[in-house]
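# Report on the structure
These are the residues of each chain, in order.
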Amino acid sequence: MQAAQSTIDPTEVAKFEAMAAEWWDPNGKFKPLHMLNPCRLDYITAQIAAEFDRDLRGTTPFAGLRLLDIGCGGGLLSEPMARLGATVVGADAAPRNIPVAQVHAAQSGLDIDYRHTTAEDLAAAGEQFDVVLNMEVVEHVADPLTYLTACQQLLKPGGLHVCSTINRNPKSYAMAIVGAEYVMRWLPKGTHDWSKFITPDELYDLLRNAGLDPVDRKGFVFNPITWGWRLSDRDLSVNYVTASVKRLSSC
């Protein structure tokens, strides 16, 4: 089989490779993701429950669902999805992330299929999922449309795609780059490239062109007083998340 076209940006992969060992340190270089994770999980679980008519009060409400966490890193989202009963594949283009994720899952007693691979290669292999989580990845790839098309191909018809990224405007530059990388030093300098940020309207257009139907979007808003994140229906000015479904007629 011919190798799939890759949208991997080697420079971006190298950034996260260098931080791989710190994935599970809540005060380390991934502190922003640890802080954001409860808010991300609230959105993801609500969207999955609504799309597949699952009761989140159950012990394993996502049993029977096959889920892909693309750009899984150390497994911050893969592990809670597995605890909720989903059959989880975690994929990452940075090879050093995979053993970190595997060791932590084993220590947590979780069976998660972690792989050093790409969305394009998984799609070329014919893999299919009910849910694809695509969180904080699209702003790091070389070709967002090709990448999102691969994510669409990985979904079963009617499947759910959840994608989060960062808006592109002066406020996002001030907060996601100057604030997070230079002032708070939550992330190493150069983690993000502002020119790769994507506005909500641009992402909706990309999703539609990839064969997905956007059904929802919300903002992730940081409150410096409570030092926590919340979901917002209106404020998508910096971090935001979208939900879209694969058209039933899509192949």
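A few points on the structure. Small disclaimer: the values here were computed from a predicted structure and weren't measured.

## Concerning the pairing of strand 7 (residues 228-232)
Of the pairings in the sheet, the one linking strand 6 (residues 212-223) to strand 7 comprises five bridges and is antiparallel in character. Bridge assignment links F222 to a residue of strand 7, and that residue is W229. Between strand 6 and strand 7, which pair antiparallel in sequence order, lie four residues; one of them, W227, sits at a positive phi of approximately 60 degrees.

## What to know about the side chain of T199
Tracing the sequence through the fold places T199 in the loop between helix 7 (170-183) and helix 8 (200-209). A residue is classified by how much of its surface remains accessible, and T199, at 17% relative accessible area, is buried. Discounting residues that sit within four places of it in the chain, T199 has contacts with N167, R168 and Y240.

## Considering the packing of helix 6 (residues 144-153) against helix 8
Remark: helix 6 packs on helix 8, axes separated minimally by 8 Å, with the N-to-C direction vectors making an angle of 55 degrees. With respect to their mutual orientation, helix 6 and helix 8 come out oblique. Handedness of the crossing formed by helix 6 with helix 8: right-handed. In contact with P144, L145 and L148 of helix 6, helix 8 contributes L203, L206, L207 and N209. Across the contact of helix 6 with helix 8, the residue classes break down as six nonpolar, one polar and no charged.

## Side note on the side chain of T45
Mapped onto the elements of the fold, T45 is located in helix 2 (residues 31-52). A relative accessible area of 13% means that T45 is categorised as buried. At a separation of 3.3 Å, a polar atom in the side chain of T45 contacts the main-chain carbonyl oxygen of D42. Ignoring any residue separated from it by four or fewer positions in sequence, one finds T45 in contact with L56, F62, M81 and L84.

## A few points about the sheet that holds strand 7
Remark on secondary structure: sheet strands pair via backbone hydrogen bonds, oriented parallel or antiparallel. Taking strand neighbours across the sheet as the criterion, the eight strands line up as 3-2-1-4-5-8-6-7 in an open arrangement whose pairing is mixed. Whereas interior strands pair on both sides, the edge strands pair on one side only; in this sheet they are strand 3 (113-116) and strand 7. For this sheet, the mean inter-axis angle between neighbouring strands, taken without regard to orientation, is 20 degrees. Taken together, the seven bridges between strand 5 (residues 155-166) and strand 8 (residues 239-246) define a ladder with antiparallel strand orientation. Bridge assignment links H161 to a residue of strand 8, and that residue is S244. Sitting on the sheet, helix 2 touches strand 1 (66-70), strand 4 (129-135), strand 5, strand 6, strand 7 and strand 8, and the angle it makes with strand 6 is about 150 degrees.

Rules of the game
Residues numbered from 1 in each chain as written. Predicted model: local features only at pLDDT ≥ 70, side-chain atom pairs only at ≥ 80, totals over all residues. Heavy atoms only, no water. Pairing = 2+ DSSP bridges. Helix = DSSP H or I, 4+ residues; strand = E, 2+ residues; numbered from the N terminus. Buried < 20%, exposed > 50% of the residue type's maximum accessible area, 1.4 Å probe, protein only. Contact = heavy atoms within 4.5 Å. Axes fitted to C-alpha atoms, helices over the stretch in contact; angles between N-to-C directions. Parallel < 35°, antiparallel > 145°, perpendicular 65-115°, else oblique. Left-handed = near helix turned anticlockwise from the far one by under 90°. Nonpolar A, V, L, I, M, F, W, Y, C, P; charged D, E, K, R; others polar. Polar contact = N/O pair within 3.5 Å; in protein donor to acceptor, adjacent residues only side chain to side chain.

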